[in-house]
Structure formats: structure tokens, C-alpha cells
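# Tertiary structure, described
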Amino acid sequence: MTPLAEIIAQRIRATGPITLADYMELCLLHPRYGYYATRDPFGQAGDFTTAPEISQIFGELCGLALAQAWMDQGRPAPFTLAEPGPGRGTLMADMLRTIRAVPGMVEAADVTLIEASDHLRGLQREKLGNIRHIDGIEELPDSPLFLMANEFLDALPIRQFQRVEQGWAERIIGLGEGGLRMGLAPPVDLPREGRIGDIVEDCPAAVAVIGVIAGRIAAHGGAAIIVDYGGWNGFGDTFQALRAHRFEDPLANPGEADLTAHVDFAPLAAAAIRAGAEVSRPVHQGDWLLSLGAGARARRLADAGDGGAMVALRRLTDAGEMGHLFKAMAIWPKGAPPVPGFDPLRHHADDA
Ligand code: SAH
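If you're wondering where the values come from, they're calculated on a predicted model, not measured in any experiment.

### Some remarks on the nonpolar core
- With 57 residues, the main nonpolar core has Ile8, Tyr23, Leu147, Leu153 and Ile331 as its most contacted residues.
- Contacts of Ile331, omitting those with residues within four sequence positions, involve Ile210, Ala214, Ile217, Gly222, Ala223, Ala224, Ala272, Ala277, Glu278, Val279 and Val339.

### Points about the sheet that holds strand β12 (residues 246-248)
- The three strands lie next to each other as β12-β11-β13, forming an open sheet whose pairing is antiparallel. Looking at strand neighbours, the two that pair on one side only are β12 and β13 (258-260), the edges of this open sheet. Across this sheet, the average inter-strand angle for adjacent strands is 35 degrees, counted without regard to direction.
- Relative to β13, strand β11 (residues 240-243) runs antiparallel, the two sharing three bridges. Residue Gln240 lies in a different strand from β13, and its bridge partner there is Thr260.

### Some thoughts on the packing of helix α1 (residues 3-15) against helix α2 (residues 20-29)
- Interaxial distance between α1 and α2 falls to 11 Å at its minimum, and their mutual angle equals 145 degrees. Note that α1 runs across α2; the crossing there is right-handed. Between α1 and α2, the contacting residues are Leu4, Ile8 and Arg11 on the first element and Asp22, Tyr23, Leu26 and Cys27 on the second.
- Across the contact of α1 with α2, the residue classes tally to five nonpolar, no polar and two charged.

### Here's the deal with helix α13 (residues 309-317)
- All of the buried residues in α13 are Ala309, Ala312, Leu313, Leu316 and Thr317. Mapping the buried residues of α13 onto a view down its axis gives an arc of 115 degrees, with all of them on the same face.
- Packing partners of the buried residues in α13 comprise α4 (51-54), α5 (56-72), α11 (285-291), α12 (294-303) and α14 (319-325).

### Concerning the pairing of strand β17 (residues 326-333)
- Judged by how many residues are buried, β17 sits mostly within the fold: eight of eight residues are covered.
- Here β17 shows no split at all, with Phe326, Ala328, Ala330 and Trp332 on one side and Lys327, Met329, Ile331 and Pro333 on the other all buried.
- Sheet topology note: the strand β10 (residues 222-231)/β17 ladder contains six bridges and is antiparallel. From the neighbouring strand, Tyr229 faces β17, where its bridge partner is Phe326.
- Here strand β15 (residues 277-279) runs beside β17; their pairing, made up of three bridges, is antiparallel. Following the sheet pairing, Ala277 is matched in β17 by Pro333.
- In this structure, strand β16 (residues 283-284) lies alongside β17, joined through two bridges in antiparallel fashion.

The rules behind the values
Throughout, a residue's number is its position along its own chain's written sequence, starting from 1. Reporting of local features is limited, given that this is a predicted model, to residues whose pLDDT is at least 70; pairs of side-chain atoms are given and counted only at 80 or more, and all residues count toward the totals for whole chains, interfaces and linings. For the side-chain quantities, the full set of heavy atoms in the structure was used; hydrogens and water were omitted. Here the nonpolar core consists of buried residues drawn from Ala, Val, Leu, Ile, Met, Phe, Trp, Tyr and Cys, with membership extended through side-chain atoms lying within 4.5 Å. Accessible area is worked out with a 1.4 Å probe on protein chains only. A residue is then buried under 20% of its type maximum, exposed over 50%, and partly exposed in between. Between two residues, a contact is recorded if the distance between any of their heavy atoms is within 4.5 Å. Whether two strands pair depends on DSSP finding at least two bridges between them. Here a strand is any run of E in DSSP of at least two residues, a helix any run of H or I of at least four, and the numbering for each starts at the N terminus. Whenever a helix is involved, its axis is fitted only over the stretch in contact; in every case the axis is a line through C-alpha atoms, and angles between N-to-C directions fall within 0 to 180 degrees. Take the far helix as the reference: if the near one is turned anticlockwise from it by less than a right angle, the crossing is left-handed, and if turned clockwise, right-handed. Gly counts as polar in this scheme, as do all residues outside two lists: the nonpolar Ala, Val, Leu, Ile, Met, Phe, Trp, Tyr, Cys and Pro, and the charged Asp, Glu, Lys and Arg. Think of the arc as the fan of directions from the helix axis to the C-beta atoms.

See the structure below:
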């Protein structure tokens, strides 16, 4: 048993089974044994690789899109340049390099990172120098907000409900022979369709985060680009654990594996609209990057001697690689031009 498995078992013995959300939060963020609290999980030697760690092209194009949105909105200054869940700080570093080419932009930017892990905060400071860290998205100042989030929402705690005869039973974690065991709470009513055995997921934290971001953008201007793997309107059980680039049972090694769930963009778009902002239809990451010139950028890097640039381009954009599984969605103020590469959702309400 991992040390965290023992802590969780004690808690269950004391107060009963816990929800998946409680489990995820403990596993990822426990201050001593949590996954993100104790390690740098990225890259070949780690558990997973993210788009900005594959190639600088990703962060450069994100920076370009935010820079264009900033110019389109009359170059507000000062403004907050924010990233929740910045990992190693690579994405922000690549964005800042691009943004430096835009006169006046970097000088007006108040760089703010939302990061729960002290360990990763240290890596981010090493890479980015003097930036501000905050604990939660609600602490973002009341100012124009330009925000990029990659693979952040998939780390937020989810709840799962399974359809049974009498309603929807929450999936909870208790104790069985030899360790942690998935079970079902007594059923409740949920306004959801489903056949017996179906599983639905909710991520209330992600909905709240998007509500805050969209509220700031609606009130003060700005733009947000959200990239993550997932889709539109639910898809069953997507709770997964990844360790050393392999999937494993999410209950097997608490604190030692990355736990995530697919992001459902439909409730997030609804939250952005409720907050009074404009939101895009989600698009495939591959299509979005190619529409911003990823192909030309990769060829220039290759010509300049970057031997991996064309392979990286394919990993980021090919349908069979990250290109289709990952979606991008943008938020901007009503009446402002769309963020480059995105169309407003309402024009596509039928086919979204
Ligand atoms: N965006 C980065 C890293 C993604 S991994 C990249 O693309 O490479 C998820 C990141 O979110 C990590 O930095 C992790 O520590 C952070 N994180 C996870 N849950 C969080 C929470 N509830 N609040 C703040 N940061 C969180």
C-alpha cells in the first residue's frame, strides 16, 4: 500500500466511503503524498507528456492568439496574463517569447499563475523568474484577463453517477478485501437521461472555474483559451490513471499515478454564457493549430535545424495522435472580435 492509501483507508474506516471527487483531490493534491505535491510528472521520464512539452510551436501559437485578441480589444493596460495549472512553466515561457514581439504587451502584462503544488511553483519560478502565484481562480484581480489553460481542467475532481433501477447512484470508494474498492451510494434523482448501468460524470469545480474566468472577461475584457482532451455532452466513465505512460487501475496506487477525467465542454460553454461572455464552439486542437499556421512554423523550425519539428507537428495535429482527442475552446467579451481560430458557438448551436 502507498502511504496515501493507508491515510485514505483510515479516513474511510473513521467516517465512511468517500466520493471520487474527494479521492481525486487527495491523490493529486495531498500536501505530503499527493501526486503533484511530490514530483515533476512531465516528459519521457515522467508519467505523461503535454503539448507544450512536445514543441514550442504550441505555446507560441497560443501566445499569438492571445496577443491578437489583446490588440483587437484596444491593447488594455495593465492586464492579467494568467495560466492555471502551468506545470513546468514551459507554455507560459513560450507564450511570453511570442508576446515580447508585440510592442507594449509584455510591459502591460501582470503574469499570474494558479498552482496548487509548491514543488511545481518552484520549477515555475526557476523558469519564469518573478511571477505571482495565487491559490485559486477566484483570487484573480478585477482587470482585463488573458488566460491560457492546457490540461488543467482534466485534473479537477469529478463525481460519477451510475443509473440503477431507482435513480442515479453515486460511485463511491470504500474498503474491501485487500484495499480500496469502488461501490455505490443510495440512489438519488438527477435530471439526466440514461439506461441501467450508464455512468455520467460531473465536474462542478471546472464549471465554477469557467464561470469565474468568463465573468472576469465579460466585466473587464480579455480572452481565454482552454485546451483539454474530451468532447461535448458526456461519454460514460472516463476516470483514468496514468503512470509511466501506461494506464492502470485508478485505485491501485493512490498518490503515485496521475488521475484525470475527460473534459465535457458542453457544461463549460453553458457556464461561460451564463456569466455573460461569448464562447466558441470547441474545435479539434489539430485544426486550430493548423489554422494558426502551425505547418509553416514547423517548417521554419526544421529549416533552422530543429530535427524534431515535423514529428512534433504531427504529434500535435494528426487525428490519430493529439489532433482530434484534444479540443480547444475560447471565451471573449460579447461584441469583441472572436479569438483567432474560433467561431462563436451560437452560430453553430445545432451542430455543436
Ligand atoms: N499546463 C501544463 C501542466 C498540466 S498538468 C502543461 O500543459 O504541461 C496539471 C497542472 O495543474 C499541474 O501544474 C498541477 O499541479 C496543477 N493543478 C492540478 N490541480 C490543481 C488545482 N486544483 N489548483 C491549481 N493547480 C492545480
